[in-house]
Structures are given as structure tokens and as C-alpha cells.
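# Examination of the molecular architecture
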Amino acid sequence: MMPLVLRRLGMALPTLLGVTLVIWLLLSLLPGDPLAFLLPADATAVDRAKLATELGLDRPLPVRYVYWLFDVIRGEFGFSPFRHRDISELIQNAWKNTALLASFSAVFGLVTGITLGTLAGVYRGSAVDRFVTGFAIVGLSVPSFWVAILLLIVFSAQLRLLPAGGLSNWAEGPGHFFSHLAMPVLSGSMVSIAITARVTRASIAETFRAEFVDTLRAKGLREYQVLMHVAKNAVSPVLTTAGLQMGFLLGGSVLIETIFSWPGLGQLVFNAIAARDLRVVQATTVLIAVTFVLLNLFVDVLQMTFDPRQKRGV
Amino acid sequence: MALTAARPAAETAMAPADGLGPAGAGESGPLLQVRDLVTEFKTRDGWLTAVNHVSYELHRGRVLGILGESGSGKSAMLRTILGLQPKSTRISGEVILRGRDLIAMTPREREDVRGSWVSMVFQDPMTALDPVFTVEQQLVETIRRHSTLSKAAAAERALELLEMVQIPSPERRLKAYPFELSGGMRQRVVIAMALVSNPSLLLADEPTTALDVTVQARVLELFRDLKTKMGMGIIFVTHDLAVAADIADDIAVMYAGRIVEYGRLEDIVRNPQHPYTKGLLEANIRPGQTERPEAIPGAPPNLAKLPPGCAFAPRCSKVEATCWESLPTLDSIGLSHGVRCFVATREIQNAMPVAAKGA
Amino acid sequence: MAIAEPLAGNAAAAWLASDSPTRPESYMQAARRRFMHSRVGLVALAVLLLLVVVSVAAPLLTPYDPSIGQPAARLRPIGSPGHIFGTDEQGRDMLTRILYGGRMSLIAGLAPVLVATVIGTILGSLSGFVGKWVAMLIMRTMDMFYAFPAVLLAIAISASLGPGLINQIIALSIIYIAPIARVAEAATRRIVVAEFIEAAKLTGAPTWKILFTQVLANIFSPIFVYSSGLVGLAIVTAASLSFLGLGVRPPTPEWGFMLNALRGTIYVNPWVAALPGFFIFATSISFNMLADSIRDSLDVKE
Amino acid sequence: MTTAPELVPVPTEDHAETAVYRRPLLEVVKVSKKFPVRVGPLKREYVSAVDSLSFSVDHGKTLGIVGESGCGKSTAARLVVGLLPIDEGDVIFDGVNVRGPRQMRQQGPAEKSLRRNMQMVFQDPHSSLNPRSSVGEIISFPMKVHGFPKEEQRERTSWLLEQVGLHGNHASYYPHQLSGGQRQRVNIARALALSPKLVVCDEAVSALDKSVQAQVLNLLKNLQEEFGLTYLFISHDLNVVEYMSDTVCVMYLGQAVEICDSEGLYHNPLHPYTRALLASTPVLDADAPRIDVPPLEGELPSPLNPPSGCRFRTRCPAAMDVCAEMAPVVTMPEPGHRVACHLYPETAETTVDPDFALRTIAAREPVEVAV
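Residues numbered from 1 in each chain as written. Chains lettered and ligands numbered in written order. Predicted model: local features only at pLDDT ≥ 70, side-chain atom pairs only at ≥ 80, totals over all residues. Heavy atoms only, no water.

The next point concerns the pairing of strand β9 (residues 247-252) of chain D. Residues and elements named next belong to chain D. For β9, a buried count of six out of six residues is recorded, marking the element as mostly surrounded by other parts of the structure. Of the two faces of β9, the one carrying Thr247, Cys249 and Met251 and the one carrying Val248, Val250 and Tyr252 are both buried. Across six bridges, the pairing between β9 and strand β10 (residues 255-261) is antiparallel. Counted as the bridge partner of methionine 251 is alanine 256 from β10. Taken together, β9 and the strand that follows it, β10, pair antiparallel across an intervening segment of two residues, in which leucine 253 is found at a positive phi of about 50°. (Buried < 20%, exposed > 50% of the residue type's maximum accessible area, 1.4 Å probe, protein only. Helix = DSSP H or I, 4+ residues; strand = E, 2+ residues; numbered from the N terminus. Pairing = 2+ DSSP bridges.)

Another aspect to go through is the pairing of strand β4 (residues 88-93) of chain D. Residues and elements named next belong to chain D. Both strand β1 (residues 26-38) and β4 contribute to a ladder of five bridges, which runs antiparallel. Bridge assignment links serine 32 to a residue of β4, and that residue is glutamate 88. Direction of pairing for β4 relative to strand β5 (residues 96-98): antiparallel, over a ladder of three bridges. For phenylalanine 93, the partnering residue across the bridge sits in β5 and is valine 96. Linking β4 back to β5 in an antiparallel pair, the connection comprises two residues, with aspartate 94 at a positive phi of about 55°.

Taken together, the side chains of Leu114(C), Val115(C), Val118(C), Ile119(C) and Ile122(C) define a hydrophobic patch exposed on the protein surface, amounting to about 450 Å² of accessible area. Examined against the element boundaries, Ile119(C) turns out to sit in helix α5 (residues 94-130). (Patch = residues over 30% accessible without salt bridge, like charges linked within 9 Å, V, L, I, M, F, W, Y side chains within 5 Å. Areas by Shrake-Rupley, 256 points an atom, 1.4 Å probe, with all protein chains shown as cover. Salt bridge = Lys/Arg side-chain N within 4 Å of Asp/Glu carboxyl O.)

All right, on to the sheet that holds strand β3 (residues 62-66) of chain D then. Residue and element names in this part refer to chain D. With mixed pairing, the eight strands of this open sheet are ordered in space as β6-β7-β8-β3-β9-β10-β12-β11. Each edge of the sheet is formed by a strand with only one pairing partner; in this case those strands are β6 (118-121) and β11 (330-334). Neighbouring strand axes in the sheet, compared pairwise and without regard to direction, differ in orientation by 20° on average. Note: β3 against strand β8 (residues 230-235), five bridges, orientation parallel. For valine 66, the partnering residue across the bridge sits in β8 and is serine 235. (Axes fitted to C-alpha atoms, helices over the stretch in contact; angles between N-to-C directions.)

Now for the packing of aromatic side chains. Across all of its chains, the model carries 22 aromatic pairs over all chains by this definition. Between Tyr255(B) and Tyr276(B), the ring centres sit 4.6 Å apart and the planes meet at 55°, which makes this aromatic pair tilted. Here the residue Tyr255(B) occupies a position in strand β9 (residues 250-255), and Tyr276(B) occupies one in helix α12 (residues 275-283), the gap between them amounting to 21 residues. Each member of the pair, Tyr255(B) together with Tyr276(B), is buried. Three or more aromatic residues link up through ring pairs in this structure, and these residues are Trp146(A), Phe85(C), Trp255(C), Phe278(C), Phe279(C) and Phe281(C). Against the face of Tyr27(C) rests Arg132(D), its NZ or CZ located 3.4 Å from the ring centre. (Phe/Tyr/Trp six-rings, centres within 6.5 Å; stacked < 30°, edge-to-face > 60°. Lys NZ or Arg CZ within 6 Å of the ring centre and 35° of its normal.)

Attention shifts here to the packing of helix α5 (residues 135-145) of chain D against helix α7 (residues 180-192) of chain D. All names here are of chain D. Packing of α5 against α7 leaves a shortest axis separation of 7 Å and a crossing angle of 25°. If you check the angle between α5 and α7, you find them roughly parallel. When the axes of α5 and α7 are compared, the crossing they make is right-handed. Here Val135, Ile138, Ile139 and Pro142 of α5 lie close against α7, whose contacting residues are Val186, Ala189 and Arg190. (Parallel < 35°, antiparallel > 145°, perpendicular 65-115°, else oblique. Left-handed = near helix turned anticlockwise from the far one by under 90°. Contact = heavy atoms within 4.5 Å.)

Moving on, we get to the pattern of salt bridges. Tallying each qualifying case throughout the model produces 42 salt bridges over all chains. With a shortest N-O distance of 3.8 Å, Lys318(B) and Glu347(B) are connected by a salt bridge. One end of the pair, Lys318(B), is in the loop between α12 and α13 (321-325); the other, Glu347(B), is in helix α14 (residues 342-351), with 29 residues separating them in the sequence. What makes Lys318(B) partly exposed here is its relative accessible area of 32%. The residue Asp51(D) makes a salt bridge to Arg311(D) at a minimum N-O spacing of 3.6 Å. One end of the pair, Asp51(D), is in strand β2 (residues 44-57); the other, Arg311(D), is in the loop between α11 (272-280) and α12 (321-325), and 260 residues separate them in sequence. Judged by its relative accessible area of 22%, Asp51(D) is partly exposed. The class of Arg311(D) is buried, set by a relative accessible area of 10%. Here the residues in one salt-bridge network are Arg198(A), Asp292(C), Arg295(C) and Asp296(C), joined through shared partners.

With that out of the way, let us pick up the packing of helix α4 (residues 87-122) of chain A against helix α7 (residues 174-208) of chain A. Residue and element names in this part refer to chain A. For the pair α4 and α7, the least separation of the axes is 5 Å and the interaxial angle reads 35°. Seen from above, α4 lies across α7 with right-handed handedness. Here the residues of the contact of α4 with α7 sort into 19 nonpolar, eleven polar and one charged. (Nonpolar A, V, L, I, M, F, W, Y, C, P; charged D, E, K, R; others polar.)

This part takes up helix α8 (residues 211-218) of chain A. All names here are of chain A. In terms of burial, α8 is largely enclosed, as seven of its eight residues are buried. Those residues of α8 that sit buried are Phe212, Val213, Asp214, Thr215, Leu216, Arg217 and Ala218. One or two steps after α8, the chain reaches glycine 220, where phi turns positive at roughly 90°.

In this structure, Phe145(A), Ile259(A), Ile155(C), Phe243(C) and Leu244(C) are the most contacted members of the largest nonpolar core, which totals 135 residues. Ranked by residues supplied to this core, first place goes to helix α10 (residues 207-243) of chain C with 15 residues. Once you skip the residues sitting within four places of it in the chain, Ile155(C) turns out to touch Val254(A), Val269(A), Ile273(A), Leu241(C), Leu244(C) and Leu246(C). Formed by 106 residues, the second largest nonpolar core is a distinct cluster that contains Ile143(B), Ala204(B), Val219(B) and Ile251(B). (Core = buried A, V, L, I, M, F, W, Y, C linked by side-chain atoms within 4.5 Å.)

Right, let's talk about the interface of chain C and chain A for a bit. Listed per partner, the contact involves 40 residues of chain C and 45 residues of chain A. Taken together, the connections running from chain C to chain A amount to five residue pairs in polar contact (both at pLDDT 80 or more). Put simply, the parts of the chain that give the side of chain C that touches chain A at least two residues each are α6 (132-146), α7 (150-161), α10 and α12 (270-298) of chain C. Tallying contributions element by element places α12(C) first for the side of chain C that touches chain A, with 13 residues. For the side of chain C that touches chain A, the residue count by class is 30 nonpolar, six polar and four charged. (Polar contact = N/O pair within 3.5 Å; in protein donor to acceptor, adjacent residues only side chain to side chain.)

Structural measurements only, silent on function.
See below:
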């Protein structure tokens, strides 16, 4: 199995390079004049040239990419003129908050989704199945930011039960802590619940159709024992989707964090976009994308342990 | 051979575990009686009768070959006996094994019967085993389901079973995953799993169809051994007359969900009466054959759209007007021989006016 | 087939007649028939058609201008006289803005999927059919785009291109090319191993001819099913981009941006603020239900 | 631009007679094929699917290839028709050396005529017909590729349908509306659309119900008689191959182990594998003469790592020391009966032309390799 893991790691490297390249190209080449925002309106040509040299903009493209990449690897993202702070410092603070929100959302979304999907898959065609299927299609179609606003309207504006935004830390007591998390987690994980439930249901239903299930029943196994077998066989697509869900959550954090004033990466991106502070957008995007690639890598390796073929290195 | 040696151990191992109580009456009569079994599936176009009023008996130590082509209801019939049909299936009739009616049992009782009184071997060994568990895990769980053996003892018994079905280097195979075994070996594992608690009835659904002929020959040999040395009754479903002739004592020929002819192997092979059975015999290419086989025209029927009357009428060379109008009954035409055909019954009655009539 | 002509009998004749359909139904005809029997699909289709009609006919249906408000009539609640859906923070009629906004949302949802389907199908089927280095090149590039969370990539692309409807469509098109190419490639790879492709090769037909006559018709269903399922998602994603200010420029009405603009008024006029979101949701779920019905009618396994 | 060369019914006199001085229609000479298989994360090994296979088929005759799964018979079929590139060896069709897909993609007149003359009937009645095309479209596709006029395509399609025992109305049917036997008839009609000389049948009846199988076998025989077709008939069913073929080639693990006329093979099998195969085939009549040999022991060895010497030795009841050391040469212990086994050592009488070891007819003239 180990060689397979290494092979998978080897495959992740080009992907990582590609991801960074795409972001770098997008945000340092496409927009018109990268200096326009950094220079005062009355800057002279000499000033421009000086700044360009300072930022390394006069070097050929591949060289610029390599320099940038090494900076990124060292955690050097440059300076944000708008926030007057080092970007890495900005990111560091935001990162913790986003990780907190995303992991709570992921756990909540996956647990709920897998539970619902399993129920629907086991009781195919029943009322439970119809409810879950219906719920899943709603969850897939509903914009998370609208759910967030609805929750705000109901629980903050009308009932005044939950705080409208901001985050709290554990020291302020669990009640306080969770009251700040509740709405962001709920609205953010809606899509995850829906997709996970759908994939789990499909995978379990599909596995139940497999011929070996007949053998298991013909052996006289109890129905719960049969389900154990089915579950182990059905786990692979669920794991894959779990990895992708983390991506949805990280990407979706931009919206949720903005609405709930959650000081994370998402809010950072939102504010940076509004200010056209592209270096911050670039840094944050790279960070989220790399996290996503690594998470999927982790999921893939985890998956190998469920597949005897890969375990035996075939 | 290992078969005889393994038997006493197996009996002591399984006896106490199943909550089925003592086997009821009928121990002295036939092992299995199927009476008027009907299985109907729900489809887009309404109900479809896969098994249509099928009745037969099976005795201990005998092999009943069920012969039929695609859509003849042979597999559906086996699954109905074991209760493996989806919930939406409509089932009526009786399946009496060791004095108990399997159809009338609660789902929980049926779970107890499966694997202990009656086991099944499936067609495709490539898909019949759970791919993510080792052979040992799958055997041990089956053994422990039907006995009170400890894990270690069950593992020992698993090894014994693999030896019994003649798997080479069984210790190594126990630790293997199904994908690491060849088709023939997998089928032996499936058979071993079916033998865990010495069932009195073994259902085999085309167990050799997916195998190469040299492997098939050895698996058939294994089945013959099981029959003679363990004394179980076997229902062996196949589409291949030659395979049936190789293993079966009695044969029932199914067409479109109904039994159209039954009898001892010799009756069917040497003295077939139903035009379909005759056609199948003709169509089978024999070794060294040079003359053209006489083919049955047409194709096996679509169960959703059966013709009125005899289902074989559209393909039959002896078809008469009555065949299209009413369904012939399954008439007894000898001690153990029966046929469902107007023409055949009439011809036999004409030849032997005193022959007993009626089913 | 050479069936022995039966010895007459009306029953026989009737059965034989029923056994041989004179005009067999093609795959597409069967799919259409099945779709016409799916209630959910028809309702969803009706809702969407209605939406298209009213948003196109918006100028005929409402007397108000979507961009000009009456400061005196700000933040009217739902059901106010003259403003059934109330008014927004600038006193503009919400119904009018919703109707006009529908145009943007529908275009922003449909156009990228359409573009991505065409490009993704070409890339995917080519790579699935030709294989070797072509597949390597195309699919590795696709993998790179796949390695991003989709929304994030859309944000990054939009951010670099700048706001505007066209840029938004470009951004969304790019993020959907990779998944569609994957579906197309997988479907093509399933088809190219079929024996009828070997039969076509044996005739000596050139590759492009096999691709067009034998492969495309067979990968159409899975791709169409996948793409139609993306429309609902694209509408939500497009709205998210507008919500973040990466879509159309104000004062052009667009549901996502309207939702953002009204966000501040939830304490004053909550249900009007929720309206644009409801329409995004209704459109998206209608597309998703339509897609589900289409999938069932085409009988494609997920 | 071209008109269809009709499938002309052959004159009634025995065409084998006239073929005496013609070279065989198809000659396969020492053809080998290896497939790469990934065995580890970075390691790649080669499976030898077909190893130095040689045979030939005369005009109007049938050569049957029989063997169990993994013996390379389907690969052999694809090598012959050019669906797979040949690694080594030659396929000589009608005196022209053809080397596979490269020719197939070229569009010159020589290649076109080659494509016309070699067609294939496939195994799987489901995947061999395009589910989105009607029967008419399926059968006329080869004619369309070869530029037949529209009118002729239509006429010929209905003529072909009639030839394979279908009704003209079936042209508007779609594959899923046909039974397995009917689909296989369409499969055959498509193969005949370009009036080929050679038809390769790859397990053409294996997927059919037994009662339908005989219909299709009869159809194939009728067509052969009527149009003088040459068949390469591949199946795992020894009885069917024997019945269909003039000559039978038995394959084991990618190699031909025995080639003989079908009667000789049935009455006097020489190779231990052929004997085992015959003994394993279930028979209906209990009193039919049977070869009494024990069923084969052991497992099929991995084709990744075939046994040294004779590939069959690990399961052979007659294995000797020499079998592990060297591969047996092909000998001809009886006239026209070739076998590759150490039980039949090479002597002056049994030796065969080393270059065309397994050809059914001794080489009459040197092969000119064209193209």
C-alpha cells in the first residue's frame, strides 16, 4: 500500500503546481495595470518604474512565477497597502476562524447527510426515502446566503434568540460559543447535507442491488449484518464526496462569513475584492485551494484502506 | 475423501444454535414439497408472472435438474424458496421443507432457515462474494451465525470446509480476498459457505455457467460428491441440457414460468414428449455431429406478453388450434413422467388406450 | 422471424398482431413519452416557461422603471397598494425589479452551462476517444481546474476579470468545463470499448465519422443529464457572485445583488428582503426537478 | 463511385476442387501480441496474449479456434481483422500482407478493398449494435462509409435482412426491441453488407439461448454454402466449433497446441489438453464414446508469468522433465494433424516445415510479402 500512497503524493505535486500557476496567472496577468492601485494618481513614470522593479514586475514571466512561488512556500505573501498589514499576518488570524467554522460545518453536514442518506438507502421507496430525496433537492437548490438571511430574519430580527454575527471563543462559555456558530454552520452546511445524503443514498441503494447481498442473505445473516457489509462496500463514493464538501464549505465561506461578519478568510476575500486588493485575493485563494488539494489527498489515502485491491498494492 | 470425515464435526457444531426447534413431521417423506408456487413481479406494465403454479417434490440424496432458458422463471423459483425476492413481489403457494412451510414463515424465521436448512450457490462466483472481506471473514461469520463456536474454532472449521471443497493450499486462501482467487476457486468458496451447517437442501442457480469447461467438470464432480456423501437434496438449475444430464437424477423442464415436462433423466433424454424438450435435445450440438441441428424457430417469450393458451404455441411445430385457446394441463404419462401438451398426451393415449390419465 | 404460420384461430391472430409493433418507438420518442407522464417535470417546466415569459415581457407587465425609485415610497412591506411585493431601500418597486432581474439570473444560469457543455463535450469526447497523449494533456489540465472549490475559482476569475455580466458568464463557464469534460470522457470511454465501435472501425470509417455517427449520440444522454443538473447550481452560483458584487453593475436589477443590497433592511422590512432569494431558490429548484425528470425519462443511471 | 459487388452465389461444383492451386485466403504466420499490464505503482509487465500463432484458412472453408477464457482466441481474431496492431509475425490475406490498424485508417483503394473483404460478427448481442441506431442504419453504415448510392443502400439492406431471416420491416426497429437471436442476425447482416470474403465470428452464438443457438448456426452454414464465405469461427464450446469447422485449432495460454481437421480432433485427439477439454465437455448420451481422462488439476497459470518450456506442463497429467526445459516443437504425427507436445517427438516422418508450422496445407509456394 505504501508505494501507492507515495504515488498518489507524487500525483498531487503537479496538481499543486498547476493550482498555484492558475491563480497566479489569473490574478497577476489578466487585470489591466497592477500598479494603478498602488500608486498615487500623480505618480511619475520614474516612480512607476521604480515600483515595478521593486515588485519584480520587470522580470520575465516564468521568473516572476518562480519567485512568487518561493515566496508562497515561505509564507511570504507581501504587504497589503489597504489594510496596512502583512498579508501573511492577516491570513494567519483569519485562517483559524475559517478552520473552526468549516470543521464544525463539515462534521455537522457529513454526519447529518450520511445519516439521512443511509436511512433513505436502507428504506428505499418508503416515506423516509421520499422525505430525504425531497429534502436533498431543496438543499441542492437553495442558495446558502438566502438561508443565512432567512435565519437572520427569524432568529435575530424576529425572535431575537441568536446573535446576528461575529464569533465568540470558548472562554465565554459553551452557550455563547455555540449561539454564534449555530446559524453560520446551519446555512453553510445545507448544500453539504443535501449532496452527502444524495450520494450516500445512491451508493447504498446501488450496493444493495449487488449480487453478493443475495449471498449474504442466503447465508442467513441478520439484516443488520447485511447492512454492515453493504456499508463497507458503499463507503468509497461517500468519502470522495466528503472531500469535495470541504471544498464547497471553504469556497462558500466567502458568502457565509460576509453575512455573519465572521472574521475569516472568506470575509477577508470579500473585503479585498471590494477594494481590488488582488494580492490578498491571490494569497487567500492559494491557501484555500492548497488546503482543498491536501484534503482530497488525505481522503484518497483514507479510501485506500477500504479497498483491498489497493491495500494489496494491485 | 474429506467429505465423510467432516460430517460428524459439522453436525455437533450446528445442532444447538438455530432457534428453529426440532424438524417437524415429514422427515420420512419427501425432503421438499413445492405446491402451486406462484411468484409475480411488479413492473412498469403491471404484474408479471415469473413462476406460474409450479409443484414438485424432492427426495433426500437426489438431484433435481431444472432446465430452462432465459425468462423461464427458473431462477425466480429458487429465490422464492429462499425468500430473496423484493418485498413488492406477490407470492402464493407452499414450500414445505422438513415439515415447515417456508412461505408462511416470518422473515426472522426464514433468516434462521437460510444457511442452515437450505443454502444457495449462485451463478456468478465473480460477484457472489463480498469483495472487501477476506474469505476467512466471510466463512467465519457464516459459521458463527449458525453455531455457538468461538472465533478460533470457527476459523478452524472454515479451514476444514475449504479442504472439503478441495481448494489447494487452503490456509493461504483463507487470508485471500475474493479478487485474489480464480473463478473456479471462488465458486468453491461459495459452495463451502453453503455447506457450513450441513443443509438438507442445496439450491444451485447455474453454478457452472460462468466457469470454463475444465473447471465446470471439476465443480460438477464436487456436486456429485456432495450428493452421495452428504445425502443432501439438490435443486440444480441450468440452461444446458448436457450439464443437467451430467448431474441430475430427475429433470423438470420449465418454459415461460411453467413446468412443461418432468421425469427421470432417462425419460427426458431418451423419451422426451414435449415439443420444446424435443427441440432442446435436437438443438444441442453433440460431439462429432455433422448433420444440421433442427432448430426451434422464434425466441423465448416475453413474460409480460404471453400468448393465450400454451406459451410454446408460437414456436411449436405441432401447434393446433386448441393450443392457442386453452392451456394444457400437466398430465402424467408414466410412473414419473409428465408432460404439458395436448398433442403429446393425445398421441400417448392413442398408442396405449389403457394408460392412466390425469395429473 | 421464421415463425410457423399458426393454424389460424382468432386468439392466435390477435396475439401475433400484438406481438409485432408496426411502428417501433425510437429512444428519443420513448424518452419524450416518459417525460410527458412525469408530473413533477411538467410542473417544473411550466414554472420555468412562465418565468421566462414574464421576465421577457416585464415592460408590458409593470408600469415602473426598475432602476428609478420614489424616495417617498421606500421600504414598503409586501402587499402595499400599488406595490404587491413592496419596495426596496430606494423606493423601487420590488415586483418590477424581480421581473427584470429574472432576465439576468436566467441568462447567468443558462449561458455558462451551455458554453461549458459545448466545450466540455468536445474536450471530453476527444480525449475519451483518442486516448493516449491527447487524453493525458486534456484531462490533466481539467484536473487542475477540478482541484479548486468551484465557487472560489469563480470568485478568483471574476475578481481578476472585474465585475459585469459577460465576465461572470466567462467565469462560470470556465468552472463548469472541467466537470462536464470528465462526464463526457467517462461516457465516451464506456462507449468506445463497445463492440459496435469495433464494427464501425472495421468498415474503415475515418475517426471523425465514427465519433459523429456512433459515439456522440450515445454520450448525449449522460452529458445532457449532467448539464441540465448544473443549471440550478449555476443560477445559485451566479447569484452568489452578484451577491459579492462580482456580477452586474447596479442599478441593473439582479436577484443576488438585490439580496445583498436589502441585507441591511432585515430588521425593518424583513420579508421583502427575503424575496429575491426566494426567486433564486424557486428557479433553481425548478431546474433541478426538471433535470431529475429528464434523467428519469432518459433512463440514465447516476 | 462504386457499386456493390453482389454476394454472388458460388457455382454448385465443389469449390474446394478449384481451390487446389490457390493459396489459402488467410495465412497467419507466427503472430504474437503482448499487452502491457501495470503490476505495481511504477512497474509494468507484459502479458503474452498470443504467442507465435500460425494457421491458414482456404477459400470457402471454416477454421475454428477453441480454448478457454484467457487463451487468446479473441485477441487472435482482432489481430487478424486488424483491430489490434500485430507485434510480430504476418497476416497475409488473399496474398497481401496486412499489418493492422495502420492500414485500416488509410483510405486508399487497396485498404478499402481489404476492409470490404474482412468483416466480423461480434459476441455480445447488446454491445455489438449501436443502441441509438435503427437496424436499417446499422446495416447500411458500412455501405455509407464505402459510398454506395442511397437507393442501393436501401435495397441491399432489405435484401440482407431477408438473407438473415428477418423481415424488411425490421429495418425501422431499434436493437432493444429485438430478441437476442434477432440481434445476432442483424450483427451477421452488417458483417455481410460489404460482401466480404472472410467473416470472423468471435463467440457469435455464446450469448444466445440454446434453442436459438442452433438457428444462428444453421444460418451461418447456409450463408457459407450460398456465398462461399470463409469463416474464422471462435468459441469456447468444443462441440459447436467441431460442428462448424473444417479445421480446428486448439489454443492454450496464447499458443496453438493442436491443429487438425475436426473429425480427427474428435476421434483422435493427441494433445493432453485437447483430451482434457474433450473429457470435460458434458455430453447428453451416457453411452456415447468418451475419452476417459481425469479432469484437469490445478489452476490456469498467470499469463504474466507463463511456465517455462511447455505452457501446459503445470496441469498436464503426462508432464515429463523435458517439458519444463524446452518448448515443444510442432510435429505432424499423422497426415494433416499437427500438435505441439513432447509426447510426439520430431522425427523424419513427423517434421513439418518450420516456417509455416501450423498451416493446414503445406506451403506450396513461397509467400510474397506485399505492401
